[in-house]
Amino acid sequence: METKQYSLKLLKKQEADTVKKQCKMCGKVTIFTDTTIRRHNANGKNIYQFAIYKCPKNHSWNKKLDSYKSFTNHVDPATLVPSEFQAIEEGEKISLSVADHQSYEINIAGADGNFRLDRTLADYIEGWSRTEIAQRIKCGSILLNNCLTKPSQKLAVHDKISITIKK
Ligand SMILES: [Zn+2]
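Thresholds, definitions, all that
Residues numbered from 1 in each chain as written. Predicted model: local features only at pLDDT ≥ 70, side-chain atom pairs only at ≥ 80, totals over all residues. Heavy atoms only, no water. Helix = DSSP H or I, 4+ residues; strand = E, 2+ residues; numbered from the N terminus. Contact = heavy atoms within 4.5 Å. Areas by Shrake-Rupley, 256 points an atom, 1.4 Å probe, with all protein chains shown as cover. Donors = N, O, S within 2.8 Å, 3.2 Å for Na, K, Ca; no water. Tetrahedral: all angles 85-135°; square planar, octahedral: opposite > 155°, others 65-115°. Core = buried A, V, L, I, M, F, W, Y, C linked by side-chain atoms within 4.5 Å. Buried < 20%, exposed > 50% of the residue type's maximum accessible area, 1.4 Å probe, protein only. Pairing = 2+ DSSP bridges. Axes fitted to C-alpha atoms, helices over the stretch in contact; angles between N-to-C directions. Parallel < 35°, antiparallel > 145°, perpendicular 65-115°, else oblique. Left-handed = near helix turned anticlockwise from the far one by under 90°. Phe/Tyr/Trp six-rings, centres within 6.5 Å; stacked < 30°, edge-to-face > 60°. Arc of directions from axis to C-beta.

**Student:** Which residues make up the overall build of the protein, and what are the values?
**Tutor:** Across its full length, the protein carries three helices and nine strands. When the elements of the protein are put in sequence order from the N terminus, they spell out β-β-β-β-β-α-β-β-α-α-β-β. A separation of at least 24 residues holds for 54% of the contacts in the protein among residues at least 6 apart in sequence. Total accessible area computed for the protein in this model is approximately 10,900 Å², and 50% of it derives from carbon and sulfur atoms.

**Student:** Describe the coordination of the zinc ion, listing the residues and the values that go with them.
**Tutor:** The coordination sphere of the zinc ion, as far as protein atoms go, consists of Cys 23 (SG), Cys 26 (SG), Cys 55 (SG) and His 59 (ND1), spread over 2.0 to 2.3 Å. Considering all four donor atoms around the zinc ion, angles at the metal cover 100 to 122° and the coordination shape is tetrahedral. The sequence pattern formed by the donor residues of the zinc ion is C-x2-C-x28-C-x3-H.

**Student:** Explain unusual backbone geometry residue by residue, including any values.
**Tutor:** Despite not being glycine, Asn 146 shows a phi value in the positive range, around 65°. The topology assignment puts Asn 146 in the loop between strand S8 (142–144) and strand S9 (160–164). Positive phi outside glycine occurs at His 158, with the angle close to 75°.

**Student:** Kindly report on the nonpolar core, identifying the contributing residues and their values.
**Tutor:** The biggest cluster of nonpolar side chains holds 24 residues, and the ones touching the most others in it are Ile 106, Leu 121, Ile 161 and Ile 163. For this core, the element with the most residues is helix H2 (residues 117–124), which contributes four residues. If you look at the next biggest cluster of nonpolar residues, it comprises five residues, including Cys 23, Phe 32, Ala 51 and Cys 55.

**Student:** So what's going on with the pairing of strand S1 (residues 3–10)? Which residues, and what values?
**Tutor:** It is a general feature of regular strands that their side chains alternate between the two faces of the sheet. Bridge count for S1 against strand S7 (residues 103–111) is eight bridges, and the pairing is parallel. Bridging across to S7, Gln 5 finds its partner in Glu 105. Examined bridge by bridge, S1 and strand S6 (residues 86–88) share three bridges and lie parallel to one another. From the neighbouring strand, Tyr 6 faces S6, where its bridge partner is Gln 86.

**Student:** Tell me what's going on with the pairing of S7, and back it up with residues and numbers.
**Tutor:** The buried fraction of S7 is high, at seven of nine residues. Of the strand pairs in this sheet, S7 and S9 are connected by five bridges, and their pairing is antiparallel. If you follow Glu 105 over to S9, its bridge partner there is Ser 162.

**Student:** Now, about the packing of H2 against helix H3 (residues 130–138): what can you tell me, with residues and values included?
**Tutor:** Where H2 meets H3, the axes come as close as 9 Å, and the angle between the chain directions of the two elements is 125°. Put simply, H2 runs oblique to H3. Crossing hand, H2 versus H3: right-handed. Counting all contacts with H2, which are made through Leu 117, Asp 118, Arg 119, Leu 121 and Ala 122, the residues of H3 involved are Arg 130, Ile 133 and Ile 137.

**Student:** Describe the packing of aromatic side chains, with residues and values.
**Tutor:** In the structure shown here, the tally under the stated rule is three aromatic pairs. A centroid spacing of 6.4 Å and a plane angle of 20° characterise the contact between Tyr 6 and Tyr 104, whose relative ring orientation is stacked. Taken as a pair, Tyr 6 in strand S1 and Tyr 104 in strand S7 lie far apart in primary sequence, 98 residues in all. Take Tyr 104: its relative accessible area is 3%, and that puts it in the buried class.

**Student:** Can you tell me about H3, naming the residues and giving the values?
**Tutor:** Residues three or four positions apart in an α-helix share a direction because the helix packs 3.6 residues into each turn. Listing the buried residues of H3 in full gives Ile 133, Ala 134, Arg 136 and Ile 137. The buried residues of H3 occupy one face: seen down the axis, they fall within an arc of 160°. Residues of H3 that are exposed and point more than 90 degrees away from the buried face comprise Thr 131, Gln 135 and Lys 138. Next to the buried residues of H3 lie H2 and S8.

Pasting the structure below:
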């Protein structure tokens, strides 16, 4: 049985960031709010990360955050993957498919704030409600550090969540 491993960094929700600047569409200075949506654009060998901001009239402005070099052509990207752990990005949802894997592991790479097990899983797993997750925790198909736990259990760094999907 293959286990797919993920890593997840839990960060405190931050106050929406705002920037006062000229909106070309509105034709005046207005307040842009960070939607917290991030986009990656590749341009040649560089990958740029943008934060998407919106003005009150919903016009977008992409704030450039970072750029980093992408893989060079003669290096096989597979050899550069640091580990078998796949990072779950903020705002992303993973889908646990019974066909590919029967067991999953989510490793908590950071926990800045109070994060309940059931709520966190509902936030990051596609199509699983909190009620459904609570039932899976109670029946032991979701374990924390290989032990039975409760849905309201708080997560800490280095915790390991194991999920077994029964067909
Ligand atoms: Zn505008």
